[in-house]
Amino acid sequence: MNDKQLAACEAANAVKNGMIVGLGTGSTANYFIEALAERQNNEKLQITTVSSSVISFIKAKQLGLSVQSIEQLSHLDLYVDGADEVSPDGTLLKGRGSDLVKEKILATASQQFLVLVDQSKLVNRIGEKFAIPIEVMPFAWQLVKNNLEEMGGTGNLRLNANEDNVAITAHGSLVLDMTFDTEISTPLLNEHLNGLPGVVEHGIFTNLATTILIGKDGKVEERQLK
Ligand code: 5RP
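Because the structure is a prediction, the values reported are computed rather than measured. Think of each chain on its own: its residues are numbered from 1, step by step along the sequence as written. With pLDDT at 70 or above as the cut-off, local features in this predicted model cover only qualifying residues; side-chain atom pairs require 80 or more to be listed or tallied, and sums for whole chains, interfaces and linings still use all residues. Side-chain calculation: all heavy atoms of the structure are included, whereas hydrogens and water are not.

Draft legend 1. View of the pattern of salt bridges. For this analysis, a salt bridge means a side-chain nitrogen from Lys or Arg found within 4 Å of a carboxyl oxygen belonging to Asp or Glu. A complete count under the given rule lists nine salt bridges for this structure. Residue lysine 216 is joined to glutamate 221 by a salt bridge in which the shortest nitrogen-to-oxygen separation is 3.4 Å. For lysine 216, a relative accessible area of 31% corresponds to the partly exposed category. When its relative accessible area of 35% is taken as the criterion, glutamate 221 is described as partly exposed. Residues joined by salt bridges that share partners form a network here, namely Asp81, Lys94 and Glu103. Relative accessibility under 20% of the residue-type maximum defines a buried residue, over 50% an exposed one, and the middle range a partly exposed one, all with a 1.4 Å probe and only protein chains included.

Draft legend 2. Quick peek at the sheet that holds strand β3 (residues 66-67). Strands qualify as paired when DSSP identifies two bridges or more between them. Strands here are runs of E lasting at least two residues and helices are runs of H or I lasting at least four, both read from the DSSP assignment and numbered beginning at the N terminus. On the basis of which strands lie adjacent, the open sheet formed by seven strands has the order β3-β2-β1-β4-β7-β13-β14 and mixed pairing. Across the chains shown, the open sheet's two edge strands, defined by having one partner strand only, are β3 and β14 (219-224). Judged from the two bridges that link them, strand β2 (residues 48-51) and β3 form a sheet pairing that is parallel. Bridge assignment links threonine 49 to a residue of β3, and that residue is valine 67. Here, two residues are considered to be in contact whenever any of their heavy atoms come within 4.5 Å of each other. Each axis is a line fitted through C-alpha atoms, taken for helices only over the stretch in contact, and angles between the N-to-C directions span 0 to 180 degrees. Helix α2 (residues 27-43) rests against β1 (20-23), β2, β4 (76-81) and β7 (110-118) of the sheet, and its axis sits at about 150° to β1.

This is the structure in structure tokens:
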């Protein structure tokens, strides 16, 4: 088992009978979905899941998990997802995929949010390794980009896998992948993006994770945040 899988198995072991569990998106979230389905089948647990993306929905269904729609969700016990970066205070960068809107909604709604990473995701500062994904209304992208450039940001619209067109998110938005000067603090940037018209959602997740499970050299280290 690799370090991401080890963290995913530990998270699956934290699931209790009767829980409603949110499924993240990405390779680590996929390991969690597999481990959760295995536990459900071996232990005959009654678990309901809700997915953050079409791909996680399909995987969960294929493995026999029951998936309810997010539209009907009134309560979430546990949300489990990976991250692209985790800073020392537990702030996350997410959204390398195109599903950060539902990811943040589920992470916010959940009683507990378990984040699964290997040590390559640990950074000193959000934005150290990856650009900040900013999902924008298609007609607002230029104005949002200009605004962020005035703050010292640089970046561009994300392209699709063939790099012959812009990438479109699950909800029909465009994505600006922006990097910022180190002088702009993450809390300030988060606040600015939260209040900027035209921004649908962005990849900085502050004060949401309750536990970070870090797969490291064949073991899992647990960092409790709340
Ligand atoms: C998708 C995400 C993923 O959780 C993040 O990109 C980590 O992916 P992986 O588990 O494949 O390393 O935020 O929007």
